[in-house]
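# Observations on the model geometry
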Amino acid sequence: MTRWRPKPRPAADPTLSIVVPVYNVREYLGACLDSLLAQDVAEVEIIVVDDGSTDGSGKIARRYARKDPRVRVVTRPNGGLSAARNTGIAAAQAPFLTFVDSDDLVMAHGFAAGIRSLEDSGSDFVMLPYRRFREPTAPMPYAPWILDLYRAGNRTLTAHEHPELLVHATAWSKVYRRAFWDSAQLRFTEGILYEDQDVTARAFVAADRIDLVAEPAYLWRRARPGSITNEASAKSIAAFLDAARVSLDVLVDVPRARSARASQLLCNDLPRYLGFVDGMDEPSGVDRLFDEIVAALGEPDLDLDAAPVGARVVYALLLAGRRS
């Protein structure tokens, strides 16, 4: 006999708003929403922004909304990830705010642990560890920079004294105090790729204190077909470097922050992108890529010690003009 369970009711005063932008992710959306509904934050609103999906993703979202009123669906014409997130923020009502990509998964305890930390510390936002996955039951190991960042466990840090925090450059796997988000006038820039770079840099600059909570929180799906992180063209890599350069400019007034972030890009991102250069058939695109690397990472205080040897060698050759 099936046990009767009351239908969840929407929170009159939700604690956490979760903004989920959706565009043609029919294969993954159900698992994402299931993971959000299973988390420990009881008073939650899940704002699904259907950004003009054409594959039935919107129907899936509306089906969830009919079954569970904690899910709300906002429909808009296709405008891209940033526009969808901004639409979701405008609809959000809770004092805490987070973002989840619609093909990713959230672990049960992370957001609740983050909110408890913010309530105790009064900090502006909390950062939580993430790792990639192909299969949810067997996620990949944490990236070395994530292990380093969270090795000391839970703590509250004065933001500008710790530019190493900038290595966590994703909009998701964080919980923001909504009052901080609004007072800092944070907004995703529409019409660009890699929009996280700019927003996370601006959040760092505006923040007083930031919490680190080592509770496993977020599973980031390894690049799927059609995602920008799966592209290896000169155009997409140049777009990443464009975004990185904008974020570096945002950091210019915080001592050590700009050079620290450039060093992180050299260590963690440049080696991966340079691995694609050999297979590119766009000579002009490759030239632009090299120009962007020099422009983005040409910092006088760049710390090369932690960078992989290959990245250091390539960077030195580019600075010397020895592209061949």
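Overview of the structure. None of the values given here were measured: they were computed from a predicted structure.

The strand order across the open sheet built from 8 strands is β3-β2-β1-β4-β9-β6-β10-β8, with neighbouring strands paired in mixed fashion. Two strands bound the open sheet, and with one partner strand each, they are β3 (71-76) and β8 (155-158). Averaged over neighbouring strand pairs, the angle between their axes works out to 25 degrees when direction is ignored. With 3 bridges connecting them, strand β6 (residues 125-127) and strand β9 (residues 174-177) associate as antiparallel partners. Its bridge partner lying in β9, M127 is registered against K174. Most of the contacts of helix α2 (residues 57-67) go to β3, to which it runs at about 150 degrees, and overall it touches β1 (16-22), β2 (44-51) and β3. Packed onto the sheet, helix α3 (residues 81-91) meets β1, β2, β3 and β4 (96-99) and runs at close to 145 degrees relative to β2.

Our next topic: the environment of D50. Turning to its location among the elements, D50 is positioned in strand β2. In this structure, D50 is in contact with V22, G58, R62, V74, T75 and R76, ignoring residues within four places of it in sequence.

Our next topic: the sheet that holds strand β7 (residues 130-133). Spatial strand order, β5-β11-β7: 3 strands in an open sheet with mixed pairing. Strand pairing shows two members of the sheet lacking a second neighbour, β5 (105-106) and β7, which therefore form its edges. As paired elements, β5 and strand β11 (residues 218-221) share 2 bridges and run antiparallel to each other. Looking across to β11, one finds that L105 is bridged to L219.

At S173, a position not held by glycine, the phi torsion is positive, near 60 degrees. Here S173 lies in the loop between β8 and β9. Judged by its relative accessible area of 0%, S173 falls in the buried class. The backbone of Y194 shows a phi angle near 55 degrees, a positive value even though the residue is not glycine.

Reading guide: rules and limits
- Residues numbered from 1 in each chain as written.
- Predicted model: local features only at pLDDT ≥ 70, side-chain atom pairs only at ≥ 80, totals over all residues.
- Heavy atoms only, no water.
- Pairing = 2+ DSSP bridges.
- Helix = DSSP H or I, 4+ residues; strand = E, 2+ residues; numbered from the N terminus.
- Axes fitted to C-alpha atoms, helices over the stretch in contact; angles between N-to-C directions.
- Contact = heavy atoms within 4.5 Å.
- Buried < 20%, exposed > 50% of the residue type's maximum accessible area, 1.4 Å probe, protein only.

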